[in-house]
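Survey of secondary and tertiary structure
What follows is each chain in one-letter form.
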Amino acid sequence: MTGDANSFTFASIGDLHVKDNQPILLREMFEEISKRAGALVLCGDLTDTGTPTQAELLAKELRACAIPVIGVLGNHDYESGHADQVKQILCDGGMRLLDGQVTEVDGVAFIGVKGFAGGFGPRMLSSFGEPAIKTFVAEAMNEAMRLENIMRTVNRERVVVVLHYAPIVETVEGEPLEIYPFLGCSRLAETIDRFKVSAVVHGHAHRGRYEGRTPAGAPVYNVARPVSKPSALPYALVSV
């Protein structure tokens, strides 16, 4: 967080993993966030297996949030094949769900895509070999292109990028090395670094590290719920 009196503070958390028929106990946290921040940003894996019932449970809890709620879906939200229903339920509940779009709160532009896997730096998977590999890489490239296309339309001093997958390796450190390629992709950071960005938030890497920076210096925060944060709370407080 910064000490700038003109800054905007938002709360961010990912990987809520709301399950069927289990107490989720999020209402109190959402009420608390409403007193501490100007917006709540959710970084994917909102549900555990992507069922409409789980989305309805989360939408019900989000009624306790008195500030704008912005977010993206994660890989778990696609698991059951009902992602469109999940999106509709959450949007009907008042959430601003981003999938290649931008929304604004108090002059801060929030741009969101899910992102995808593929690895980092010189070890990033390339589009070579079998058609299945090329399809996998094409998905990562498509997510980065969708992010770039919307970022080109935004003309704001303060821009926050909302992702599920990590754009840099630093914020996945702590996870098993074998799964690094499935936690994010440097193509996202390459896109981000073409623009002026105030902050990037993502989830997905439960054992990762809270903070890192893109090669050009944009701050990146892993706000997955299990990750330890400076706030000592389940959510991060970020000022831009």
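Check the entry above for the structure.
The following refers to the structure shown. Keep in mind that what you see is a predicted model, and the values were worked out from it rather than measured. (Residues numbered from 1 in each chain as written. Predicted model: local features only at pLDDT ≥ 70, side-chain atom pairs only at ≥ 80, totals over all residues. Heavy atoms only, no water.)

This part covers unusual backbone geometry. Despite not being glycine, aspartate 15 has its phi angle at roughly 65°, a positive value. Inspection of the secondary structure assignment puts aspartate 15 in the loop between strand E1 (9–13) and helix H1 (27–36). With a phi angle near 50°, aspartate 45 is a residue other than glycine that sits in the positive phi range. With respect to the helices and strands, aspartate 45 occurs in the loop between strand E2 (40–43) and helix H2 (52–62). (Helix = DSSP H or I, 4+ residues; strand = E, 2+ residues; numbered from the N terminus.)

The strands that make up a sheet pair up through hydrogen bonds in the backbone, lying either parallel or antiparallel. Reading across from one edge, E5-E6-E7-E8-E10-E9 is the order of the six strands in this open sheet, with mixed pairing throughout. Two strands in the sheet have a free side with no partner beyond their single neighbour: strand E5 (101–105) and strand E9 (211–213). Looking at each pair of strands side by side, their axes are set apart by 25° on average, direction ignored. Of the pairings in the sheet, the one linking E5 to strand E6 (residues 108–112) comprises five bridges and is antiparallel in character. Note that in E6 the partner of threonine 103 across the bridge is phenylalanine 110. (Pairing = 2+ DSSP bridges. Axes fitted to C-alpha atoms, helices over the stretch in contact; angles between N-to-C directions.)

Within E6, five of the five residues are buried, leaving the element largely enclosed by the surrounding structure. Two elements, E6 and strand E7 (residues 158–162), share five bridges in a ladder whose sense is parallel. Paired with valine 108 across the bridge in E7 is arginine 158. Each parallel crossover has a hand, and for E6 linked through helix H4 (residues 131–151) to E7 it is right-handed. (Buried < 20%, exposed > 50% of the residue type's maximum accessible area, 1.4 Å probe, protein only. Right-handed = clockwise from strand over helix to strand, strands pointing away.)

Between H2 and helix H3 (residues 83–92), whose axes approach to 9 Å, the crossing angle comes to 15°. When the interaxial angle is binned, H2 and H3 end up roughly parallel. Viewed along their axes, H2 and H3 form a crossing whose handedness is right-handed. Two secondary-structure elements touch here, H2 through Pro52, Ala55, Glu56, Leu58 and Ala59 and H3 through Gln85, Val86, Ile89 and Leu90. (Parallel < 35°, antiparallel > 145°, perpendicular 65-115°, else oblique. Left-handed = near helix turned anticlockwise from the far one by under 90°. Contact = heavy atoms within 4.5 Å.)

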